[in-house]
Amino acid sequence: MQPKLGLKGWLRWFWRQLTSMRTALFLLLMLAIAAIPGSLVPQRSSDPNGVSQYFADNPDLAPVLDKVQAFDVYTSAWFSAIYLLLFISLIGCVIPRTRHHFQALRAKPPTTPARLARLSGFTQRDAPAQTDAGAAITHARTLLKSSGYRVARFDSAGESSVSAERGYLRETGNLIFHGALVGILITVGFGGGYGFSGQRVLVEGQTFVNTLLAYDSFNPGRFFDDTTLDPYTLSLDDFSVAYEQQNLQAYGQPIDFTADVTVTPKGGAADPGVVKVNGPLRTNGTNIYLLGNGYAPTITVTAPDGTVVFSDSVPFLPQDANLTSLGIVKVPDGLAEQLGMIGFFYPTQDKAATGANFSSFPDLEYPMVTFNVYTGDLGLDAGVPTSVYALDTDTLTQKTGGKTGVESIELKPGESAELPGDLGTVSFVDNAPAASAVGDFAQSVPRFASFDIHYDPTQIWLISFSMLVLFGLFTGLLVPRRRMWVKATTRSDGTVHLDYAGLARGDDPGLDAAVTAMADRHLKLLKTHQPVVATPEST
Amino acid sequence: MNFTDPALLNSYSLYALYSAMAVYAIAFIAFAIDLARRSSAVGAIETADLSEADAAYSAGTAGSADGSTLTLKRPVLSRISAHMDNDAALPYGRSSSLRVGVALAVLAWALHLAAAIMRGFAADRVPWANMYEFAMTGTLLIMTVFLIVLTRADLRFLGTFVTGLVLVLLGVAALQFYVEVAPLPPALQSAWLVIHVFVASLATGMFALGFALSTVQLLQFRRESSVSEASAPLAPRSTVRAARRLRFLATLPSSATLENLAYRISIIGFILWTFTLMAGSIWAEQAWGRYWGWDTKEVWTFIIWVIYAGYIHARATRGWRGSRSAWLAIIGFSAVMFNFGIVNVFFKGLHAYSGL
Ligand code: HEM
């Protein structure tokens, strides 16, 4: 009959299973497998548009996948279950090992085995004449100690030995490594909650104040308090770009984006700064990243009576590598009807054989903006938030372009055109300084930069834990842990015989060489000490 | 040579690369001939008696069947394998084709290095900013790691594998991934490109060798088991025949030695890979404003890291030492190749640096 386990017994059994090496290995392999689907199916966290597209392309499959959280793999219940179990296992495994290790650190190396000949690197030497066994072991002890060994000496009749152990750092490193992994998990798990990230588009010349309302979008962490936002201001003074023009193979490829900004702390002095791709600006506790840029043509809409009803530099979102860009102008008030325009901007306009416009170079060589005009209800009064980058044309009537038969409006900097139906006039304002040469459009259109502003107080912790992980790996994998013994036996004729041997504890490729080296150094030491004692007659 | 004309320099780089590939191909053949010779050398002894030779060798008294190609003195491997004597069942000395293979591999490596350097000068930056360049420099590092390890341990029997792998990767790179010299886009203008990608390639070189050693370990293990079965009295003929297949294995270290070597090389790869992952996070934070976002490339880097962590664990888990852990090293390197070859080209993600 098997003895009954009882609840406590079962729990203990379960815990022992969970913290066994076999389970750890199983969970690690499960973790690797569970991470794969997230690379095959688009993820909401990194590619929300891809997810929408996937739903559109696979209307039957997508909802099923969604049920099993395939679009949120890395926050899914099953993925979380695996890594949480893994980390519980890890903690359950590391704690007893840490206790063990502390005991080992205080313990004395074990007694010297009776027969060293069976151990690794076994080597025998004869001590120089007149050496005393006890003295030989004293020297060996000193030598081992200076090589970082912890030593214990054993003496008995006619035989002395030293038992030495080194490489405790290997286990220390291993424990630090696993502990630091827990640190990383906790920091990542809770750390995000204390910071925020926000996005803001700034056109050249615009200024932004670091307050909640000034962000285009804002994602606070769970524990972040908006009132702690530090209201510094950020102005985009100039945005400069460089495109490849020498190398025809890479013609038009961007080679530099630089945002020159001014940061002014509340009540402080203005401080110029630079934000680049790969070069965030770290200021006032936040990090400012440059994640995108494009053109913001200045558009003015004037009512028939000459009142300006709209005037703004509108950020147009880039659609291709040559910066064909899409922008929306909405004029809800001041005209006979509400007006919406979908605009395309071509920094270097060109015409395909089909008659379609396209951009052939990303810089301002021959800029043009085109507009399709819509009138009707812009849907702004319903109180539903709408994107400034999209126009809902369902409730609007198209007046130019497409199937209307009316040509789209095409404007170059400085030009104006009548809106259909005597609604008024639209102008593309030329921002170039008056002194610019005719045909030089380089400064005619302002640029915008889109900035991400992040606050993450836990990054320093992550870096620290990562350093510990690396340190733990280096020591835990590469420091050899070994035991070594030196035994001196006095023979009947009074000469002393020396035995050396080692024992690897874990992977230790250099053990044999280390034993031999120790034997050689020991003998050398004995020889240098010997003449003083052994050769009195020669003096 | 005109070192100021990028286009010209790039075409010299291509000449050098194609020459390197030709020389690698000849080196590959030389290494393959060596393997064949090993088989026949073993065959020569086996006609006497395979198990007897095994036993005789262990006693250290085996006589030489053919003194010119077989040296039965145990060659002592140095440093990295300090305590691992070459414990091959039938130790095998230097053969001329092996020496030719190594010499050609060194020559090809020099041409390969010249190709990478000229490409770097042509582009005026490090030569690993797109798939073509990454493949060129990555294979150069695999070869460099191999040649350096050769000075510390006699792994020349892996020559066929390493030159073969490098040749295939270079072939794919030159035919499928080739792009003209282009300046670095702003997203890649970072010191981390130099560090992160370089260390990743170095880690890949280590994993490649670990993979090869683990594969040979598995084969060797099969040979060893069938030899011990075949030498049993009344062994079935098929077992005896199985023992004679892949006979060159008898000239290679034992499966236990191969396993230790594979482990040692793979853990170096793992440390480098861990660093790659961290350096990548730091770079991602600078370039994209977040250090980790489960981008496809990040996912696969993580998967590879976890597989190798599993491999290291397997070596410390009862029942998983030996063949099972070897399979994990093989799966790990397959994931590395998948990450490089498939994920870069066919998966969508932020790491769109293939330049294709
Ligand atoms: C997040 C999960 C884990 C990862 C990524 C991981 C990774 C590693 C790595 C890289 C090593 C070798 C490095 C070193 O020794 O410093 C290692 C060793 C080790 N781990 Fe883990 N580990 C994990 C969880 C666990 C768990 C749950 C256990 C206990 C059941 C465990 C027990 C051990 C032991 C005993 C070693 C030493 C192996 C040896 O001496 O060869 N680990 N682990």
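As the structure is a computational prediction, the values presented were derived from the model and not from experiment.

Conventions adopted
For every chain, the first residue of its written sequence is number 1, and the numbers climb from 1 along that sequence. Chains carry letters from A onward and ligands carry numbers from 1 onward, assigned in written order. In view of the model being predicted, local features appear only for residues whose pLDDT reaches at least 70, and side-chain atom pairs are presented and counted only at 80 or more, with totals across whole chains, interfaces and linings using the full set of residues. The side-chain numbers reported here are obtained from all heavy atoms of the structure, hydrogens and water having been left aside. Every helix listed is a DSSP run of H or I at least four residues long, and every strand listed is a run of E at least two residues long, numbered separately from the N terminus. Burial classes follow relative accessibility: with a 1.4 Å probe on protein chains only, a residue under 20% of its type's maximum area counts as buried, one over 50% as exposed, and anything between as partly exposed. Residues count as neighbours in contact if any of their non-hydrogen atoms are within 4.5 Å of one another. Each accessible area is a Shrake-Rupley result for a 1.4 Å probe, and residues are judged covered by the shown protein chains and nothing else. Put simply, a nonpolar core is a bunch of buried Ala, Val, Leu, Ile, Met, Phe, Trp, Tyr and Cys residues held in one set by side-chain atoms that sit within 4.5 Å of each other. Nearness here has a simple test: a residue counts as near a molecule or strand if at least one of its heavy atoms is within 4 Å of that partner. Two N or O atoms count as a polar contact when they lie within 3.5 Å, although within protein this holds only if one can serve as hydrogen donor and the other as acceptor, and sequence-adjacent residues are included solely when both atoms are side-chain atoms. Patch definition: residues with relative accessible area over 30% and no salt bridge; like charges joined within 9 Å; nonpolar side chains (Val, Leu, Ile, Met, Phe, Trp, Tyr) joined within 5 Å. What counts as a salt bridge is simple: a side-chain nitrogen of Lys or Arg found within 4 Å of a carboxyl oxygen of Asp or Glu. Two strands are said to pair when DSSP picks up at least two bridges between them. In this analysis an axis means a line fitted to C-alpha atoms, helices contributing only their contacting stretch, and an angle means the value between N-to-C directions, from 0 to 180 degrees. Per residue, pLDDT captures the predictor's confidence, and it can take any value from 0 to 100. Accessible area, probed at 1.4 Å, shrinks when two parts are joined; the buried area is that loss added up over both. For this scheme, ten residues count as nonpolar: Ala, Val, Leu, Ile, Met, Phe, Trp, Tyr, Cys and Pro. Four count as charged, namely Asp, Glu, Lys and Arg, and the remainder, Gly too, count as polar. Any helix carries an expected span of 1.5 Å times its number of residues minus one. Only N, O and S atoms count as donors, using a 2.8 Å limit from the metal and a wider 3.2 Å limit for Na, K and Ca, and since water is excluded some coordination spheres may look unfilled. The pairing test for Phe, Tyr and Trp rings, Trp by its six-membered ring, is centres within 6.5 Å, and the orientation test on the planes gives stacked under 30 degrees, edge-to-face over 60, and tilted for anything in between. Only lysine NZ and arginine CZ atoms are considered, and such an atom sits over a ring when it is within 6 Å of the ring centre and within 35 degrees of the ring normal.

(A) Region of interest: the overall build of chain B. Counting secondary structure elements, chain B contains nine helices and zero strands. Traced from its N-terminal end to its C-terminal end, chain B shows the element sequence α-α-α-α-α-α-α-α-α. Each of the 356 residues in chain B was classed as buried or not, and the buried ones make up 60%. Taking all contacts inside chain B whose residues are at least 6 apart in sequence as the whole, residues at least 24 apart take part in 80%. When the accessible surface of chain B is summed, it comes to about 14,300 Å², and 66% of that surface belongs to carbon and sulfur atoms.

(B) Summary view of the nonpolar core. If you look at the biggest cluster of nonpolar residues, it comprises 134 residues, and the most contacted ones within it are Phe79(A), Leu155(B), Leu158(B), Leu213(B) and Phe333(B). Among the elements that line this core, the one with the most residues is helix H7 (residues 255-288) of chain B, at 15 residues. Dropping the residues within four chain positions of it, Leu155(B) is found in contact with Phe146(B), Val149(B), Leu150(B), Leu213(B), Leu261(B) and Ile265(B). In terms of nonpolar packing, the next biggest core, distinct from the first, is built from 53 residues, Phe208(A), Phe224(A), Ile288(A) and Val331(A) among them.

(C) The arrangement of the site of the ligand in detail. As a matter of local geometry, the ligand sits amid 24 residues, with Ser89(A), Cys93(A), Asn174(A), His178(A) and His313(B) nearest to it. Around the ligand the close residues trace back to chains A and B. For the ligand, a nitrogen atom lies 2.5 Å from a polar atom in the side chain of His313(B). Mapped by element, the contributors of at least two residues to the shell around the ligand are helix H2 (21-35), helix H6 (77-106), helix H8 (168-191) and helix H9 (459-478) of chain A together with helix H8 (296-315) of chain B. In terms of residue count, H6(A) provides more of the shell around the ligand than any other element does, six residues in total.

(D) Expanded view of a nonpolar patch on the surface. Where nonpolar side chains cluster on the molecular surface, the patch consists of Leu5(A), Trp10(A), Trp13(A) and Phe14(A) and spans about 460 Å² of accessible area. Counting through the fold element by element, Leu5(A) comes out in the segment before helix H1 (6-18).

(E) Quick peek at the sheet that holds strand E7 (residues 233-243) of chain A. Residue and element names in this part refer to chain A. The sheet built from four strands is open, its strands ordered E5-E7-E8-E9 with antiparallel pairing. If you trace the sheet from one side to the other, it starts and ends with strand E5 (207-209) and strand E9 (271-276), each paired once. On average, each strand axis in the sheet is inclined to that of its neighbour by 30 degrees, with strand direction left out of account. Strand direction decides the pairing type here: E7 and strand E8 (residues 254-264), joined by 10 bridges, are antiparallel. Bridge pairing in E8 places Ser 235 opposite Thr 262.

(F) Highlighting the confidence of the model for chain A. Confidence in the prediction of chain A, expressed as mean pLDDT, is 89, and 97% of residues score 70 or more. Contacts for the low-pLDDT stretch residues 531-539 of chain A, under 50 throughout, to residues beyond four places or in other chains number two contacts.

(G) Quick look at the interface of chain B and chain A. Residue-level contacts link 55 residues of chain B with 55 residues of chain A. The contact between chain B and chain A buries some 4,400 Å² in all, and 68% of this surface belongs to carbon and sulfur atoms. Our enumeration of links across chain B and chain A arrives at one salt bridge. When the shortest N-O distance is used, the salt bridge between Glu285(B) and Arg282(A) registers 3.0 Å. Our count for the chain B to chain A interface comes out at 12 residue pairs in polar contact (both at pLDDT 80 or more). In terms of residue count, the dominant contributor to the side of chain B that touches chain A is H7(B) (16 residues). Of the residues that constitute the side of chain B that touches chain A, the class distribution is 37 nonpolar, 12 polar and six charged.

(H) Looking closely at H6(A). For H6(A), which comprises 30 residues, the first-to-last C-alpha distance of 44 Å matches the rise-based estimate of 44 Å (1.5 Å per residue) to within 8%. Where H6(A) is concerned, the buried positions are Phe79(A), Ser80(A), Ile82(A), Leu86(A), Phe87(A), Ser89(A), Leu90(A), Gly92(A), Cys93(A), Val94(A) and His101(A).

(I) Quick peek at the coordination of the iron atom of the ligand. Surrounding the iron atom of the ligand are the protein donor atoms His178(A) (NE2) and His313(B) (NE2), at 2.0 Å. Judged by relative accessible area, which is 18%, His313(B) ranks as buried.

(J) How the structure looks around the sheet that holds strand E1 (residues 120-126) of chain A. Residue and element names in this part refer to chain A. Taken together, five strands build an open sheet; the order of strands is E1-E26-E25-E3-E2 and the sheet is antiparallel. Strand pairing shows two members of the sheet lacking a second neighbour, E1 and strand E2 (150-156), which therefore form its edges. Across the sheet, the axes of successive neighbouring strands diverge by a mean angle of 15 degrees, strand direction being ignored. Summarising the sheet, E2 and strand E3 (residues 159-166) pair through seven bridges and their orientation is antiparallel.

(K) Spotlight on H8(B). If you check H8(B), its first and last C-alpha atoms are 29 Å apart, about what 20 residues at 1.5 Å a residue would give, namely 28 Å. In terms of burial, H8(B) is largely enclosed, as 20 of its 20 residues are buried.

(L) Representation of the pairing of strand E25 (residues 482-490) of chain A within the structure. All names here are of chain A. Of all nine residues making up E25, seven are buried, and the element is well covered by its neighbours. Here E3 pairs with E25 via eight bridges, running antiparallel. Its bridge partner lying in E25, Ser 160 is registered against Ala 488. Strand direction decides the pairing type here: E25 and strand E26 (residues 496-504), joined by nine bridges, are antiparallel. Residue pairing across strands places Thr 490 opposite Val 496, the latter belonging to E26.

(M) Up close: the environment of Phe302(B). Mapped onto the secondary structure, Phe302(B) falls in helix H8. Take Phe302(B): its relative accessible area is 16%, and that puts it in the buried class. Along the primary structure Phe302(B) and Ala191(B) are separated by 111 residues, whereas in three dimensions their C-alpha atoms are 22 Å apart. If sequence neighbours within four positions are ignored, Phe302(B) has contacts with Leu31(A), Ala35(A), Phe79(A), Leu277(B), Trp292(B) and Trp294(B).

(N) Here's a closer look at the side chain of His313(B). Within the secondary structure layout, His313(B) lies in helix H8. Sequence-distant contacts of His313(B), defined by excluding residues within four places in its chain, comprise Met21(A), Ala24(A), Leu25(A), Leu28(A) and His178(A).

(O) View of the pattern of salt bridges. Residue and element names in this part refer to chain A. A complete count under the given rule lists 20 salt bridges over all chains for this structure. Residues Asp 126 and Arg 491 are paired through a salt bridge, measuring 2.7 Å at the closest nitrogen-oxygen approach. Taken as a pair, Asp 126 in strand E1 and Arg 491 in the loop between E25 and E26 lie far apart in primary sequence, 365 residues in all. A relative accessible area of 48% means that Asp 126 is categorised as partly exposed. Among the residues examined, Arg 491 registers a relative accessible area of 35% and is labelled partly exposed. Salt bridges here are not isolated pairs; linked through shared partners, they connect Glu 165, Arg 481, Arg 483 and Arg 505.

(P) Highlighting the packing of aromatic side chains. Enumeration over the complete set of coordinates arrives at 40 aromatic pairs over all chains. With a centroid separation of 5.9 Å and an interplanar angle of 85 degrees, the aromatic rings of Phe79(A) and Trp294(B) are classed as edge-to-face. Of this pair, Phe79(A) sits in helix H6 while Trp294(B) sits in the loop between H7 and H8, each in a different chain. There is no split in this pair, since Phe79(A) and Trp294(B) are both buried. The interplanar angle of 55 degrees and the centroid separation of 5.9 Å between the aromatic rings of Phe207(B) and Trp273(B) together place this pair among those described as tilted. Highlighted residues: Phe207(B) in helix H5 (residues 191-230) and Trp273(B) in helix H7, separated in sequence by 66 residues. Relative accessible area serves as the criterion here: at 5%, Trp273(B) is assigned to the buried category. Note that Arg166(A) overlies the ring of Tyr149(A), its terminal NZ or CZ placed 6.0 Å from the centroid.

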